[in-house]
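Chain by chain, the residues run as shown.
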Amino acid sequence: MYSLKSLLSSLLRRPFALERGMLQRLAARYSLRRPYPDVPPYAAGEDARMPSGRLNRSEMIRLAFEFMAGNVMTGDYFEFGCWGGRTCRMAIEHHAIHFNQKMHFWLFDSFQGLPALSPLDRHPKWKGGDYCTPRKEFERIVSESGLPPDRYTIVEGFYQDTLTAALARDLAAKTRAGVIYIDCDLYESTRAVLEFIVPILQQGTVLCFDDYYCFNGRPDRGEQLAIREFLNAHPDIEFVEYAHFGWHGKSFLAHLRNGGQG
Ligand SMILES: C[S@@+](CC[C@H](N)C(=O)[O-])C[C@H]1O[C@@H](n2cnc3c(N)ncnc32)[C@H](O)[C@@H]1O
């Protein structure tokens, strides 16, 4: 009788406490994890499992736009490695807070997946052709995200062919990069991207390297190797450490020692 009374009074004091307690016990019993509050439905998996206290991709991208807004920066969004549009959709969603109608999206991918892997890029998880989303499908995803066709440009093809000095000069005549999301997995691809973006960097361009800690975090592979070589070859450019995201990514801010723009 006493326990029934106390149960009733505790229910009155804290409605749903019983249900909440049962759900918590069930979650603990079956190792269910608390759903991550900032994971859009199209981005599940490791993004949803990220421990709290660590940014996931979506939060990294949002932070990048907050950084731009806080520093009164202008500039476009560049993505190298678009696949199924997961990060692109995050960027479309988050840029709208401060930069709706004010930012162009430049999207670079082969739409045939990864190129053939060089010996230095051999990886237990990846092979040539992985992560292939046909261009039409990608366009459908972007347009369903609400970005009008005049607000984005797709540059289709393998970087060895598309990332030319002439295109970089053309872009630099029009714009600067506010955020650059580099998610092309491989050393060879990242190397081509870094050389390409030099003319469009400005003070504070946010560079997000999605695969910084791939290849077991080795400094002599993948994005880390490409970054080290790039910075050695460009002593006028510094990457200021910014934020880590997920188990895999790290972001930097471009500092142009010779002044640059901005
Ligand atoms: C992991 S996926 C990108 C994932 C994407 N950011 C997302 O969140 O949905 C890697 C992408 O990089 C592209 N890629 C890698 N190296 C490339 C190269 N050399 N030229 C063109 N595309 C490349 C692949 O086609 C693939 O779409």
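Our subject in this report is the structure included herewith. (Residues numbered from 1 in each chain as written. Predicted model: local features only at pLDDT ≥ 70, side-chain atom pairs only at ≥ 80, totals over all residues.)

## Quick notes on the sheet that holds strand 6 (residues 237–245)
Judged by pairing direction, the sheet is mixed, and its seven strands sit side by side in the order 3-2-1-4-5-7-6 without closing on themselves. With one partner strand each, in any of the chains shown, strand 3 (152–156) and strand 6 form the two edges of the open sheet. Put simply, the sheet's adjacent strands are angled 15° from each other on average, direction ignored. Inspection of the sheet shows strand 1 (residues 76–80) paired to strand 4 (residues 177–182) by five bridges, in the parallel sense. Across the sheet, Phe80 pairs through a bridge with Ile182, a residue of strand 4. (Pairing = 2+ DSSP bridges. Helix = DSSP H or I, 4+ residues; strand = E, 2+ residues; numbered from the N terminus. Axes fitted to C-alpha atoms, helices over the stretch in contact; angles between N-to-C directions.)

## Considering helix 9 (residues 187–197)
For helix 9, the tally of buried residues reaches nine of eleven residues, placing the bulk of the element in the interior. Elements that come into contact with the buried residues of helix 9 comprise strand 1, helix 7 (159–162), helix 8 (165–174), strand 4 and helix 10 (222–233). (Buried ≥ 20, exposed ≤ 12 C-beta atoms within 10 Å, placed from the backbone. Contact = placed C-beta atoms within 7 Å.)

## What to know about the site of the ligand
Taken together, 20 residues surround the ligand, and among them Gly81, Trp83, Arg86, Ser110 and Ser189 come closest. Looking at the shell around the ligand residue by residue, the class counts come to nine nonpolar, seven polar and four charged. (Near = placed C-beta within 6 Å. Nonpolar A, V, L, I, M, F, W, Y, C, P; charged D, E, K, R; others polar.)

Keep in mind these numbers describe shape, not what the thing actually does.
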